[in-house]
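Residues per chain, in single letters:
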Amino acid sequence: MTNSNHSPTELPLGEGPVILELIRYDRETYDRFNNLGANEIIENLDSKKVNWVNVDGLQDKKILDKLQAHFCLHTLLVDDITNDQRPKAEEYDDYLFFTLKMLYRIEGRTIDYEQISFVLSTNYLISFQEKEGDLFDHFRERIRLDQGRVRKQQADYLLYRLLDTIVDNYYIILEKIGEQIEDIEEEIDKGSTHQTFKQIQKIKKELIFLRKAVYPLRDAVSKLVKGETSFIKDETLRFYADIYDHVVHLIDSLDTYKDLTSALMDIHMNTQNNRMTEVMKVLAVISTIFIPLTFIVGVYGMNFDNMPELHARWGYPLTWVVMVCIGAGMLLFFKKKKWF
Amino acid sequence: MTNSNHSPTELPLGEGPVILELIRYDRETYDRFNNLGANEIIENLDSKKVNWVNVDGLQDKKILDKLQAHFCLHTLLVDDITNDQRPKAEEYDDYLFFTLKMLYRIEGRTIDYEQISFVLSTNYLISFQEKEGDLFDHFRERIRLDQGRVRKQQADYLLYRLLDTIVDNYYIILEKIGEQIEDIEEEIDKGSTHQTFKQIQKIKKELIFLRKAVYPLRDAVSKLVKGETSFIKDETLRFYADIYDHVVHLIDSLDTYKDLTSALMDIHMNTQNNRMTEVMKVLAVISTIFIPLTFIVGVYGMNFDNMPELHARWGYPLTWVVMVCIGAGMLLFFKKKKWF
Amino acid sequence: MTNSNHSPTELPLGEGPVILELIRYDRETYDRFNNLGANEIIENLDSKKVNWVNVDGLQDKKILDKLQAHFCLHTLLVDDITNDQRPKAEEYDDYLFFTLKMLYRIEGRTIDYEQISFVLSTNYLISFQEKEGDLFDHFRERIRLDQGRVRKQQADYLLYRLLDTIVDNYYIILEKIGEQIEDIEEEIDKGSTHQTFKQIQKIKKELIFLRKAVYPLRDAVSKLVKGETSFIKDETLRFYADIYDHVVHLIDSLDTYKDLTSALMDIHMNTQNNRMTEVMKVLAVISTIFIPLTFIVGVYGMNFDNMPELHARWGYPLTWVVMVCIGAGMLLFFKKKKWF
Amino acid sequence: MTNSNHSPTELPLGEGPVILELIRYDRETYDRFNNLGANEIIENLDSKKVNWVNVDGLQDKKILDKLQAHFCLHTLLVDDITNDQRPKAEEYDDYLFFTLKMLYRIEGRTIDYEQISFVLSTNYLISFQEKEGDLFDHFRERIRLDQGRVRKQQADYLLYRLLDTIVDNYYIILEKIGEQIEDIEEEIDKGSTHQTFKQIQKIKKELIFLRKAVYPLRDAVSKLVKGETSFIKDETLRFYADIYDHVVHLIDSLDTYKDLTSALMDIHMNTQNNRMTEVMKVLAVISTIFIPLTFIVGVYGMNFDNMPELHARWGYPLTWVVMVCIGAGMLLFFKKKKWF
Amino acid sequence: MTNSNHSPTELPLGEGPVILELIRYDRETYDRFNNLGANEIIENLDSKKVNWVNVDGLQDKKILDKLQAHFCLHTLLVDDITNDQRPKAEEYDDYLFFTLKMLYRIEGRTIDYEQISFVLSTNYLISFQEKEGDLFDHFRERIRLDQGRVRKQQADYLLYRLLDTIVDNYYIILEKIGEQIEDIEEEIDKGSTHQTFKQIQKIKKELIFLRKAVYPLRDAVSKLVKGETSFIKDETLRFYADIYDHVVHLIDSLDTYKDLTSALMDIHMNTQNNRMTEVMKVLAVISTIFIPLTFIVGVYGMNFDNMPELHARWGYPLTWVVMVCIGAGMLLFFKKKKWF
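A quick note: this is a predicted structure, and the numbers were derived from the prediction, not measured.

Rules used throughout
- Residues numbered from 1 in each chain as written.
- Chains lettered and ligands numbered in written order.
- Predicted model: local features only at pLDDT ≥ 70, side-chain atom pairs only at ≥ 80, totals over all residues.
- Heavy atoms only, no water.
- Salt bridge = Lys/Arg side-chain N within 4 Å of Asp/Glu carboxyl O.
- Helix = DSSP H or I, 4+ residues; strand = E, 2+ residues; numbered from the N terminus.
- Buried < 20%, exposed > 50% of the residue type's maximum accessible area, 1.4 Å probe, protein only.
- UniProt positions renumbered as here; feature names shortened; annotations may be inferred.
- Pairing = 2+ DSSP bridges.
- Axes fitted to C-alpha atoms, helices over the stretch in contact; angles between N-to-C directions.
- Contact = heavy atoms within 4.5 Å.
- Expected span 1.5 Å × (residues − 1).
- Buried area = accessible area lost by both parts, 1.4 Å probe.
- Polar contact = N/O pair within 3.5 Å; in protein donor to acceptor, adjacent residues only side chain to side chain.
- Nonpolar A, V, L, I, M, F, W, Y, C, P; charged D, E, K, R; others polar.
- Least-squares fit on C-alpha atoms with pLDDT ≥ 70 in both.
- Phe/Tyr/Trp six-rings, centres within 6.5 Å; stacked < 30°, edge-to-face > 60°.
- Lys NZ or Arg CZ within 6 Å of the ring centre and 35° of its normal.
- Patch = residues over 30% accessible without salt bridge, like charges linked within 9 Å, V, L, I, M, F, W, Y side chains within 5 Å.
- Areas by Shrake-Rupley, 256 points an atom, 1.4 Å probe, with all protein chains shown as cover.
- Lys, Arg positive; Asp, Glu negative; His and termini not counted.
- Charge placed at Lys NZ, Arg CZ, Asp CG, Glu CD.
- Domains from an automatic or database assignment.

1. Concerning the pattern of salt bridges
For the structure on display, the rule yields 100 salt bridges over all chains. The residue A:Asp266 makes a salt bridge to B:Lys204 at a minimum N-O spacing of 2.7 Å. Of the two residues, A:Asp266 is situated in helix α7 (residues 234-299) and B:Lys204 in helix α6 (residues 194-225); the pairing between them involves two chains. By relative accessible area, B:Lys204 is classed as partly exposed at 21%. Taking the shortest distance from any N to any O, the salt bridge between D:Asp259 and E:Arg211 comes out at 2.9 Å. You can see D:Asp259 sitting in helix α7 (residues 234-299) and its partner E:Arg211 sitting in helix α6 (residues 194-225), one on each of two chains. Residue classification places D:Asp259 among the partly exposed residues on the basis of a relative accessible area of 29%. Here E:Arg211 falls in the buried class, since its relative accessible area comes to 14%.

What follows is the structure in structure tokens.
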């Protein structure tokens, strides 16, 4: 049952020890157990309260095995937790499994992500994260201080709040991308460079990855909303429906940004083409004016014995007159052609 | 229940005080209450008449709280009102929620929009707008003067009329875009510039935003038309079906305009390419004619002691003959190649 | 009920008087009433026969009002008749409403269209056209002469024949476009010009408009075919299914022509590019051959006192030898590069 | 009932007389009647055996009328046979109608096609072809020799075998296209010409036409497979399902080839661009090296009285040194820029 | 029943003898029979155990005939095994048929594939491969050593493990492609060449072929997951659902890679364009600076008798001053235009 050689892109192993945390609460009480071993966590579970077990790091096979044994987790489920997955919801007999990507925007302006998986049962919620650090610190504080309605609700509401926090963070990332698109638009107006092009490509790539994270989420959440699962109570369903609306809205925005980015590409290409045309026009104007003139002066630079024009009194000034006329004629011609 | 930290792109807060308005009518009577406080609005509601409560501005938390309390509005619903939403319809136990974008075309030719949300129950309709000023002044006057059938109908018909006004305004905006596309077509025929390109891009962008506003509307309205909600009576359903037809028609037109715009882009690109080719042709013709000639005159500009041609009697005129022949030959060659 | 300010792109008002016509027939009798007023039309209706009322022009509000009153037409239906609509079928209690576009190919090779709407009941069919002149003259003659099966059938068969005539005319228009595409293909083979490009764009635009007229027709006709309406009898259903097949076939052809047109665009662009490359090659060949040679002759055109080559016996002919070698070398180089 | 003026692209009339053939068989007996008139065919039908009536040519109205009369063929069905149709299956009360395109690859490497229609009843199958000659000769021989299972089966199996033969021939055509794509790939590697481009376009066009023939076939065959028709027995259904699989496989392959062809186009375009860039680089290198040098030699070709350099002892050789330095510097510059 | 002339792209015949293998096991026993003839295989089947018959090579008609006879395989099924098929699942009365492509990445970095077909019944599984060598050696060893749960399960679990192994191998191939895409990205940053372009095209082509193998797999596996077949037990269904998830995840990744590849193409094209523009700029700057200067020196190289400037004291230095001014002016102009 262990050692299965399944490996559709296994998640990279984290480093350091796996950190376990248990937050246990009901309307009246609140307890938080930090840095415990798996056994102590299991001992502290209280089936009359909401138990939120958070696992930071998946590199310790023993801990996973203990949890698997205690909560009767299916082999495939454990495989799903430790391997890169498409966001999805799956109902098992004793619990509901949900996995998705948690996105971070790191300062240097790239998007990082980790996979987070949830196992929801009637009175507990286990969350498996790839590494330490998540988006929930603010929310943990709210539970402790009994703010909002979370302490009055069950584990299904807890999962809703966590999912909601993750999905809201997608918005923040998307808004950043929106700002970048606007920045680039202004930049292009000033003059588009290869740098601009690279930024557009970076945004394009980020949108591709966001799309990969968000699109399947729609199906996954819709599965919950349909209300076929018994682990989400009817009164909580509307909240999940709200997440569903957010995800669909996100997808709309992703599509819009995709269109905007490809419009930016068009603008960039056009600016590049314009510049090229301008370069060619300057070259063409200068060349076509001076090449014939250079020919003329070349003619009278020839050393033939017999060139009467050279000895004529008005030869030189007349040559100038002719050349000025030709040059002016050319300029008029280009003016008419609207080359400048 | 308050203070929820939901924030998928919260709507920008309006300025100044929030303006409340109540229009109360039935077949015989009509009353309009302006600039009242929330409490006075609530006192003036008459459940035997149609009550239209209009809220201009969402920045005053207290007013929203009072309305929420009186009408038992769901937390999520209030969140939806104050945050940027995908157009959608949602049925709650006691009311129907509908939200969409109201678009304005401002003089300087850009499209502005605000989000408008409706809460419809049997005898009242609440509309929440981001800021003062809407498209309904003409229609308010019609209610007052008892024109059309609105005074004989219930709140569901009132909502229909408001939605219809909003959707009709989409048409006006779309027609403007249609006119602009035609203008640009004529412009391109005269000669396409970078300015033209920018206008095409602007239209493209406007269509992207319109699409984002109109596409989800289809699903939202279709939800109403299916007649599953009890807040819309059967005899009013056909009117909502009419809105649905309009929205689908709008989407058709949006797609058509999208295709037309991308056809415009093709024409613009082709015009640019043609111009480039023309520039290169002029450069090529002039250069290829005069470069060999300049070589020839260069030859006879050399100072070798021993150049018999220089001293020949017909050297100079023969050189001219040769050069004219070469030039003419080149011209014929280009003529044959159809370069001009 | 009147004066509704609905206006999603109202149809342009025709000029001149509205023309009413009534064709009344059964197996034995045939009557045609021309240029009557609305009242006289109504008086002449005979509920035991098939009554085809044709209205040419929608500009006369009074006539529409009288018809609306007599046939109990719904407000929304009258709005639909006078406004630009998506092709659609709608069932009302007492009649079936069907609206679509009737296309004409005018000589100067552009496509014109008008909206035509039908109201079908058990014993009458009303057709509303924007202006005088339609595709049905040949068919009116067939009714009069009792050719085909129309005189033996009811109003639903009459509507089928009219729709069929309209849809068949789409084919004629599409075939013309097909012929134009073939013409352009031959033209491009001879040499593609900016004129060719404009023709391709024109076809593209016509296909966009055809698509807008034909695509929604599929849904509209499919609604009739499903047989849910009581105004079309079972034995006539197969005929409507035939129209449905034609419409689907039309859509296939439209898609094919769209693909062919975009292939034409590719060919055009490639031809343009080839020409540009050819121009550049000629320029490059001539320039790269003569520019070094001109440099050499320039060298010996210098006036330095101390240039021994100038005074050497074989200086001049050797220079020629060198220049011919360089020129020939260049030509070989270009030959190897397959530049010509 | 005749003379209907339906004409969505009527099929072109064949020439010469229409050829009728009847193949009549059961387990024991086999008869083939050639070149008979319609009346004789009808007389020879034996309702206890399988009767395959094949009609080559649709130009003879009288024959069609006789068959229509005897087999009670619906007017619309006869229209469908004689007009260009989308592949489709239609069930009538007494028979099943199926129409599709039969494709031939003619030697000169173009695809030709004719429309073939089938009318299947319990004990007969009529096939209508546009012209003489089909893909079934090998199969007719198999029937005669009682090879395979066809003689033991009914008319529905006969139709399966004919359809299967037609669909298999699509594969042969597609494979030819596959081979051509591979040929072109090799050609492009050697050097892409305008000829290559034309071949890619030809393949693209053939794929467009194949798509038009094969895509609708999926729907048509799927209609048969669903088993709603009584003219196909349950035990034969699996064979039709096999045809369905083949058609879906064909569509997959068509899509793959479409992608491959557009990849070929990309490669072709890129090759063209590379060549253009190469041409421009040669031009730029030669020009930018020699133009400054020519300027320098021009300077010392001037005839000013007062040019001390001309009389300096090392003037001429120094000029050469300078020019060689400039030329070498330029070459280094281009080398660094990786222009060659 | 044999010799059917079906031939939608028949699979290429393998060479050498066909190799048969039987692996027979239950919880306690394990037997492996190698290189047996068809008759001996059949004799060794034990209906109380799981029997896995593996056929390497399809070229021996007799062996196939014997297997067909013993297992009552349908003609169409045998056709499907020996012909190129779309991945699909089909249920027959006595067994389930499943066919898909098994992909290998061969060292020289191309993807090779063979078709593998499975026939699953309650107590046996037959696998048909085109040639010797597969991905299952590691797994055969696991069966022998009784690792994992396979020995405790039935034939349906065996099929799951084989399918899983094949699908996991798709991931390995896809990851390789992912690595190549990243390599190319870095390469382009350094400077894109025609070689880079070819690599992008190769990846594009590989993705097209992968898509053809993986997309239809979704439908095939989904057919199994729906649980309509009796040959897969309910407790094994979840494992098949897991394969389904993997396939959908693969399709997501394929789409992502497709987008990334087309983004790479854009970057490549842009890099090419930039290089071209740079080349043209250098050419334009050098030409436009020196062409006017060359004209000037040409003027004073003319041999007119009457050119006062030539004899002026400051003629030569002044000419230089003028030329330097012009050159500097040009440079400033280009600087302002940001050409370098």
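2. Description of the UniProt feature "transmembrane region" (unreviewed entry) in chain A
All names here are of chain A. When the UniProt feature table is mapped onto this chain, "transmembrane region" (unreviewed entry) is found at residues 282-302 and 314-334. For residues 282-302, the end-to-end C-alpha separation is 30 Å, with 86% helix and 0% strand making up the annotated structure. The annotated region residues 314-334 carries 95% helix and 0% strand content, and the separation between its end C-alpha atoms amounts to 30 Å.

3. Quick notes on helix α3 (residues 75-82) of chain D
Among the eight residues of α3(D), seven are classified as buried, and the element is accordingly described as predominantly covered. When we look at burial in α3(D), the residues that qualify are D:Thr75, D:Leu76, D:Leu77, D:Val78, D:Asp79, D:Asp80 and D:Ile81.

4. Considerations on the sheet that holds strand β3 (residues 50-56) of chain D
Residue and element names in this part refer to chain D. Taken in spatial order, the seven strands line up as β2-β1-β3-β7-β6-β5-β4 in an open sheet, and their pairing is mixed. Of all the strands in the sheet, the pair left with one neighbour each is β2 (30-34) and β4 (88-91). Neighbour to neighbour, the strand axes of the sheet diverge by 15° on average, direction disregarded. Pairing of β3 with strand β7 (residues 124-129) involves six bridges; the strand directions are parallel. Bridging across to β7, Asn54 finds its partner in Ser127. Of the strands in this sheet, β4, β5 (96-105), β6 (111-120) and β7 are in contact with α3, which crosses β6 at around 160°. Against the sheet, helix α5 (residues 155-190) touches β1 (19-25), β3, β5, β6 and β7, its axis set at about 30° to β5.

5. Here's the deal with α7(D)
If you check α7(D), its first and last C-alpha atoms are 98 Å apart, about what 66 residues at 1.5 Å a residue would give, namely 98 Å. α7(D) sits mainly inside the fold: 53 of its 66 residues count as buried.

6. Some words on the interface of chain D and chain E
Counting residues at the interface gives 58 residues for chain D and 59 residues for chain E. Of all residues in chain D, D:Arg238, D:Phe295 and D:Phe304 give up the largest surface area on contact with chain E, accounting jointly for 14% of the area buried on that side. Seen at the junction of chain D and chain E, the total is six salt bridges. Here E:Glu278 and D:Lys337 are joined by a salt bridge, their closest N and O atoms 2.6 Å apart. If you look at where chain D meets chain E, you find 19 residue pairs in polar contact (both at pLDDT 80 or more). The leading source of residues in the side of chain D that touches chain E is α7(D), at 32 residues. In terms of residue class, the side of chain D that touches chain E is built from 24 nonpolar, 16 polar and 18 charged.

7. Digging into the relation of the copies chain D and chain E
Put simply, the two copies of the chain differ by a rotation about an axis and a shift along that axis. Here chain D sits on chain E after a turn of 72° about the axis and a move of 0.0 Å along it, with an RMSD of 0.1 Å. In the structure described here, the two chain copies are related by an operation that fits a five-fold rotation axis. Minimal C-alpha separation from the rotation axis in chain D is found for D:Gly301, amounting to 4.8 Å. When the interface residues of chain D are mapped onto chain E, a mere 17% of them again fall at the interface, so the copies present different faces.

8. Digging into the sheet that holds strand β6 (residues 111-120) of chain C
Residue and element names in this part refer to chain C. Reading across from one edge, β2-β1-β3-β7-β6-β5-β4 is the order of the seven strands in this open sheet, with mixed pairing throughout. Each end of this open sheet is capped by a strand with a single partner; those strands are β2 (30-34) and β4 (88-91). Neighbouring strand axes in the sheet, compared pairwise and without regard to direction, differ in orientation by 15° on average. Two strands pair when backbone bridges link them, and β6 and strand β7 (residues 124-129) are joined in this way by five bridges, in the antiparallel orientation. Residue pairing for β7: Val119 is matched across the bridge by Ile126. Sitting on the sheet, helix α2 (residues 61-71) touches β1 (19-25), β3 (50-56) and β7, and the angle it makes with β7 is about 155°. Seen against the sheet, helix α3 (residues 75-82) touches β4, β5 (96-105), β6 and β7 and runs at an angle of roughly 160° to β6.

9. With respect to the packing of aromatic side chains
Going through the model one piece at a time under the given rule, you end up with 60 aromatic pairs over all chains. Relative to A:Tyr124, the ring of A:Phe71 has its centre 4.5 Å away and its plane inclined at 45°; by these criteria the two rings are tilted. One end of the pair, A:Phe71, is in helix α2 (residues 61-71); the other, A:Tyr124, is in strand β7 (residues 124-129), and 53 residues separate them in sequence. Taking the relative accessible area as the measure of exposure, A:Phe71 reaches 5% and is therefore buried. Under the relative-accessibility criterion, A:Tyr124 is labelled buried at 10%. Ring geometry for A:Phe290 versus E:Phe295: centroids 5.6 Å apart, planes at 55°, classification tilted. Placement of A:Phe290 in helix α7 and of E:Phe295 in helix α7 (residues 234-299) is noted, with the two residues assigned to different chains. Side by side, A:Phe290 and E:Phe295 carry an identical accessibility label, which is buried. Following the ring pairs from residue to residue traces out a cluster consisting of A:Tyr157, A:Tyr160, A:Phe239 and A:Tyr240. When the ring centre of B:Tyr92 is taken as origin, the NZ or CZ atom of A:Arg238, which lies over that ring, is 3.7 Å away.

10. Digging into a nonpolar patch on the surface
Where nonpolar side chains cluster on the molecular surface, the patch consists of A:Trp314, A:Leu318 and A:Val321 and spans about 340 Å² of accessible area. Structurally, the position occupied by A:Leu318 is in helix α9 (residues 315-336).

11. Structural notes on the interface of chain C and chain B
In many analyses, interface size is given as the accessible surface area lost on bringing the parts together. Facing the 59 residues of chain C at the interface are 59 residues of chain B. Here chain C meets chain B over a buried area of about 5,200 Å², counting both sides, of which 62% is carbon and sulfur. The tally of links from chain C across to chain B stands at six salt bridges. Here C:Lys88 makes a salt bridge to B:Asp245, at a shortest N to O gap of 2.5 Å. Taken together, the connections running from chain C to chain B amount to 19 residue pairs in polar contact (both at pLDDT 80 or more).

12. Thoughts on a negative patch on the surface
Residue and element names in this part refer to chain A. On the surface, Glu175, Glu179, Glu182, Asp183 and Glu186 cluster together into a patch of negative charge. Inspection of the secondary structure puts Glu186 in helix α5 (residues 155-190). Take Glu186: its relative accessible area is 52%, and that puts it in the exposed class.

13. Some details on the relation of the copies chain C and chain B
Superposition record for chain C on chain B: RMSD 0.1 Å, screw rotation 72°, translation along axis 0.0 Å. Little of the interface of chain C is mirrored in chain B, where only 17% of its interface residues are also at the interface.

14. A short note on unusual backbone geometry
The phi torsion of most residues other than glycine is negative, and most of the peptide bonds are trans. Positive phi is not limited to glycine here, since A:Cys72 has a value of about 55°. With a relative accessible area of 52%, A:Cys72 lands in the exposed category.

15. Concerning the domain arrangement of chain A
Splitting chain A by domain gives domain 1 (19-271) and domain 2 (277-336). Between the C-alpha centres of domain 1 of chain A and domain 2 of chain A the distance comes to 74 Å.

16. Thoughts on the pairing of β2(D)
Look at any regular strand and the pattern is simple: side chains alternate between the two faces of the sheet. Residue and element names in this part refer to chain D. In terms of strand pairing, β1 meets β2 through five bridges, oriented antiparallel. By the bridge assignment for β2, Glu21 is matched with Asn34. Counted between consecutive antiparallel strands, the loop separating β1 from β2 contains four residues.

17. As for the pairing of strand β5 (residues 96-105) of chain A
Residues and elements named next belong to chain A. Of all the 10 residues making up β5, 10 are buried; the element is thus mostly covered by neighbouring parts of the structure. Strand direction decides the pairing type here: strand β4 (residues 88-91) and β5, joined by four bridges, are antiparallel. Opposite Lys88, over in β5, you have Thr99 as the bridge partner. In textbook terms, the turn of a hairpin is the stretch between consecutive antiparallel strands, and for β4 and β5 this stretch comprises four residues. Where β5 lies against strand β6 (residues 111-120), 10 bridges are found, and the strand directions are antiparallel. By the bridge assignment for β6, Leu96 is matched with Leu120.

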